[in-house]
Amino acid sequence: MYFTDRGLEELEARRGDEEVTFAWLAEQMRTFVDLNPEFENPVERLATWLARLDDEDDE
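Model, not experiment: these values are computed from the prediction.

A.B. asks: How do you make sense of the environment of Phe 39 when you look at a structure like this?
C.D. replies: Within the secondary structure layout, Phe 39 lies in the loop between helix H2 (22-35) and helix H3 (40-51). Beyond its immediate chain neighbours, meaning those up to four positions away, Phe 39 contacts Phe 32 and Val 33.

See the structure below:
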C-alpha cells in the first residue's frame with residue numbers, strides 16, 4: 001500500500017457516498033493549490049490526467 005492510499009481510503013470512507021461535479025472538484029483543487037503552492041505541479045498533472053482519461057490518442 002502506498003502512503004497516499006491512507007488519504008484516499010479516508011476520502012472514500014468519509015465522502016464516498018457523496019456526488020460532486022467536476023466544477024466543484026476543480027474549485028477545491030484551486031483552493032488547495034492556493035493554500036499549498038508547492039503542490040501546483042502534481043495537482044496540475046492530476047487535473048490534466050483526469051481531463052484526458054477518454055482521449056484515445058493517449059493510449
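A.B. asks: It is not clear to me how the layout of surface pockets should be interpreted in this structure. Could you clarify?
C.D. replies: Over the atoms a probe the size of a water molecule is rolled, and this reveals where empty space is left. The computed volume of the largest pocket comes to approximately 820 Å³. Every residue lining the largest pocket is counted, 19 residues in all, and those nearest its centre are Leu 11, Trp 24, Leu 25, Met 29 and Leu 46. Put simply, the parts of the chain that give the lining of the largest pocket at least two residues each are helix H1 (4-15), H2 and H3. The biggest single contributor to the lining of the largest pocket is H2, with six residues. Residues of the lining of the largest pocket, tallied by class, amount to 13 nonpolar, three polar and three charged. Taken as a whole, the second largest pocket encloses approximately 220 Å³ of empty space.

A.B. asks: What's the story with the packing of aromatic side chains in this structure? I'm lost.
C.D. replies: Working definition: an aromatic ring pair is given by the centre-to-centre distance plus the angle between the planes. Scanning the model with the defined rule gives one aromatic pair in all. With centroids separated by 5.7 Å and ring planes inclined at 40°, the aromatic side chains of Phe 32 and Phe 39 adopt a geometry described as tilted. A relative accessible area of 38% places Phe 32 in the partly exposed class. The class for Phe 39 is partly exposed, based on a relative accessible area of 38%.

A.B. asks: Just checking my understanding: could you explain the packing of H2 against H3 for this structure?
C.D. replies: How two helices sit against one another is set out by the angle between their axes and by the gap between those axes. Taken N-terminus to C-terminus, the directions of H2 and H3 make an angle of 165°; their axes are 10 Å apart at the nearest point. In terms of orientation, H2 lies roughly antiparallel with respect to H3. H3 is crossed by H2, and the crossing has left-handed handedness. Residue-level inspection shows Leu 25, Met 29, Phe 32 and Val 33 of H2 in contact with H3, the latter providing Glu 40, Val 43, Leu 46, Ala 47 and Leu 50.

About the criteria used
Residues numbered from 1 in each chain as written. Predicted model: local features only at pLDDT ≥ 70, side-chain atom pairs only at ≥ 80, totals over all residues. Heavy atoms only, no water. Helix = DSSP H or I, 4+ residues; strand = E, 2+ residues; numbered from the N terminus. Contact = heavy atoms within 4.5 Å. 1 Å grid on protein atoms, 1.4 Å probe; cavity = no way out; pocket = protein on both sides within 12 Å on 5 of 7 lines; lining within 4 Å. Points joined across faces, edges and corners; volume = space filled by probe spheres on them. Nonpolar A, V, L, I, M, F, W, Y, C, P; charged D, E, K, R; others polar. Phe/Tyr/Trp six-rings, centres within 6.5 Å; stacked < 30°, edge-to-face > 60°. Buried < 20%, exposed > 50% of the residue type's maximum accessible area, 1.4 Å probe, protein only. Axes fitted to C-alpha atoms, helices over the stretch in contact; angles between N-to-C directions. Parallel < 35°, antiparallel > 145°, perpendicular 65-115°, else oblique. Left-handed = near helix turned anticlockwise from the far one by under 90°.

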